[in-house]
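Observations on the three-dimensional arrangement
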Amino acid sequence: MTVFSELRMRPAAATGWNASTSARLVISGAVIFMLLVGANLATPLYPLFQASLGLSALDVTAAFASYVLALVATLMLAGHWSDHIGRRAALLLAVLGGLAGNLVFAEAHSLAALCAGRALQGTSVALATGASAAALRELLPARPEWASRFTLLASSGGVAAGPVIGGLLSLLPGPTSAPYAVHSAVLAGLLIPLVLIRARRAIALPETAAPFRLLAPRRPAVSRNARGAFWLASGVGFLSFAVFGFCLSLAPGYFAGVLGTDSRPIVGLLAGLPLAASAASQLFSARGRFIVPAGLTLLGASVILLGTAGAWHSPALLVAACLAAGTGQGLAFRTVFNDVAGKVEPARHAQVVSTVYVITYLGSAVPVLGLGWASAVVGQDAAVTGFVVACGTAALAMAGVTLARQASAARRWPSR
């Protein structure tokens, strides 16, 4: 099938490159990885934009939130599209959207332009999120846990690498545009295999003369046996992405104050450290009935230590807290994400995974906007202290509730 026949949802004869499963895994993971790299190139650049455009802390969080809100809206409106047009077509549209976002953001000379570029980037990431996760799941039908690991590794790895790459590329001439020029060249290269590959048919082929009705927005729905896992995954995702949202928006300025440096590569590296630790945790097997409460406890304690590191101006404690927070998040979220993904029927996988990410990504928008407002009212240091205490306490409380439920389940089914 050609891309055009997929977009029209008209089945056609299979043509093109009959890629191996390994090649398809690489392509699916590379697309979401690179799109998330591009979406987070701006993290170490925000201080530059603040200085050149006269932005406040609230303006920075507004630019960051515009990305998240566009992402959430697209997940709600189009999270199920890849079930109907196919994974390849959805990924190709996402790459085109990423290229458009890069162009607008690199040439931004106002807060409105920054928000528009970020919104395009959010839309592209949303289109790829469900499609990539579903594609990886279909390519590894006998190893669903590894499919979830690859999904989270590509996602966390992309978010972690973005600030580091952005900081390094900002050393080139044109520090706010060069990172996007380089990234756009890589994204354009991904279009080649996406166009050439022989796509597999969509799961839900249209049976009516008006196939585009299938793309209409749908009310989120989760099967009864997956609801408990769905809400736990969504809660863990919301909380952990509130922490990640802080690291990727206001934290660069906060970290720079703790470290006493204005080096963009160093600040970008530190901002991406929790995400890097989360991605690395996907490579190791950690099993056990109580892995989720243990991960949440580590996350909660580490987040509180982030505030302590700032108060003590301790770079060593700051680095250790970032690593521990990411590790705790990775262990907890992987477990609950794998649980909900394993309980969802294949035909609705992209839709349900997209819905989990709707709630998850709201965690990196709503609390961060509140943090930006609080910074303008009481000052950044006091706002950050309140934020990390609230997030840490919430994580520890969630760990306690989850532990109680797991202990109750262990008493009920001791042989499991």
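Residues numbered from 1 in each chain as written. Predicted model: local features only at pLDDT ≥ 70, side-chain atom pairs only at ≥ 80, totals over all residues. Heavy atoms only, no water.

**Comments concerning the overall build of the protein**
In terms of helices and strands, the protein carries 17 helices and zero strands. Expressed as a percentage of the 416 residues in the protein, the buried residues total 55%. A separation threshold of at least 6 residues defines the contact pool for the protein, and within that pool the share at least 24 residues apart is 86%. Looking at the protein as shown, the accessible area adds up to about 16500 Å², and 69% of this sits on carbon and sulfur atoms. (Helix = DSSP H or I, 4+ residues; strand = E, 2+ residues; numbered from the N terminus. Buried < 20%, exposed > 50% of the residue type's maximum accessible area, 1.4 Å probe, protein only. Contact = heavy atoms within 4.5 Å. Areas by Shrake-Rupley, 256 points an atom, 1.4 Å probe, with all protein chains shown as cover.)

**Brief notes about the nonpolar core**
Judged by nonpolar contacts, the single largest core of 110 residues is most densely connected at V31, V125, F246, F255 and Y361. The leading source of residues in this core is helix 10 (residues 227-248), at 12 residues. Setting aside chain neighbours within four positions, we find Y361 in contact with L36, V68, L71, V72, L75, V125 and F241. Core analysis: the next-biggest nonpolar cluster, separate from the first, contains five residues, L25, L139, L140 and A147 among them. (Core = buried A, V, L, I, M, F, W, Y, C linked by side-chain atoms within 4.5 Å.)

**Some remarks on unusual backbone geometry**
We note that H313 has phi near 50 degrees; this positive angle belongs to a residue other than glycine. With respect to the secondary-structure elements, H313 resides in the loop between helix 13 (291-312) and helix 14 (315-343). Residue classification places H313 among the exposed positions, given a relative accessible area of 52%.

**Quick word on the packing of helix 8 (residues 144-169) against helix 12 (residues 264-281)**
Where helix 8 meets helix 12, the closest approach of the two axes is 7 Å, and the angle between their N-to-C directions is 170 degrees. Comparing their axes, helix 12 and helix 8 come out roughly antiparallel. Where helix 8 abuts helix 12, its residues L153, S156, G157, V159, A160, P163, V164, G167 and L168 lie against R264, P265, G268, L269, A271, G272, L275, A276, S278 and A279. Partitioning the contact of helix 8 with helix 12 into residue classes produces 12 nonpolar, six polar and one charged. (Axes fitted to C-alpha atoms, helices over the stretch in contact; angles between N-to-C directions. Parallel < 35°, antiparallel > 145°, perpendicular 65-115°, else oblique. Nonpolar A, V, L, I, M, F, W, Y, C, P; charged D, E, K, R; others polar.)

**Focus on the confidence of the model for the protein**
In this model, the protein carries an average pLDDT of 82, and 85% of its residues clear a pLDDT of 70 or more. Put simply, helix 1 (residues 3-7) is where the protein has its lowest mean pLDDT, 60, and helix 9 (residues 178-196) is where it has its highest, 93. (pLDDT = per-residue confidence, 0-100.)

**Quick word on the environment of S170**
Summarising the element assignment, S170 is placed in the loop between helix 8 and helix 9. With a relative accessible area of 1%, S170 lands in the buried category. Between the C-alpha atom of S170 and that of L48, which follows or precedes it by 122 residues, the distance is 9.9 Å. Those residues in contact with S170 that sit more than four places away from it in its chain are L45, P175, P179 and R264. Here the side chain of S170 touches G167 through a polar contact of 2.6 Å, landing on its backbone oxygen. (Polar contact = N/O pair within 3.5 Å; in protein donor to acceptor, adjacent residues only side chain to side chain.)

**Quick word on the side chain of S278**
Looking at the secondary structure, you find S278 in helix 12. With a relative accessible area of 1%, S278 lands in the buried category. Excluding anything up to four places from it in sequence, S278 contacts S156, F244, G326, T327, Q329 and G330.

**Examining the packing of aromatic side chains**
Per the counting criterion, the structure on display carries seven aromatic pairs. A centroid spacing of 5.1 Å and a plane angle of 50 degrees characterise the contact between F105 and Y180, whose relative ring orientation is tilted. Placement of the pair is F105 in helix 6 (residues 87-106) and Y180 in helix 9, with a sequence separation of 75 residues. We classify F105 as buried; its relative accessible area is 0%. Looking at Y180, the relative accessible area reads 1%, which means it is buried. Through a chain of ring-to-ring contacts, the aromatic side chains of F241, F244, F333 and Y361 assemble into a single cluster. The ring of Y67 is capped by R118, whose NZ or CZ atom sits 4.5 Å from the centre of that ring. (Phe/Tyr/Trp six-rings, centres within 6.5 Å; stacked < 30°, edge-to-face > 60°. Lys NZ or Arg CZ within 6 Å of the ring centre and 35° of its normal.)

**Examining helix 6**
Between its first and last C-alpha, helix 6 extends 29 Å over 20 residues, near the 28 Å set by a 1.5 Å rise per residue. In terms of burial, helix 6 is largely enclosed, as 14 of its 20 residues are buried. (Expected span 1.5 Å × (residues − 1).)

**What to know about a nonpolar patch on the surface**
Together, W17, I192, V195 and L196 line one region of the surface with nonpolar side chains, adding up to about 400 Å² of accessible area. Among the structural elements, V195 can be located in helix 9. (Patch = residues over 30% accessible without salt bridge, like charges linked within 9 Å, V, L, I, M, F, W, Y side chains within 5 Å. Salt bridge = Lys/Arg side-chain N within 4 Å of Asp/Glu carboxyl O.)

**Observations concerning the environment of M34**
Summarising the element assignment, M34 is placed in helix 2 (residues 21-39). On a C-alpha basis, the gap between M34 and L190 in space is 9.2 Å, while along the polypeptide they are 156 residues apart. Those residues within four positions of M34 in sequence are excluded, and the remaining contacts are H183, V186, L187 and L190.

**A closer look at the environment of L273**
Here L273 is to be found in helix 12. Along the sequence, L273 and V159 sit 114 residues apart, while their C-alpha atoms lie 9.8 Å from each other. Residues contacting L273, with those up to four places away along its chain left out, are V319, C322 and L323.

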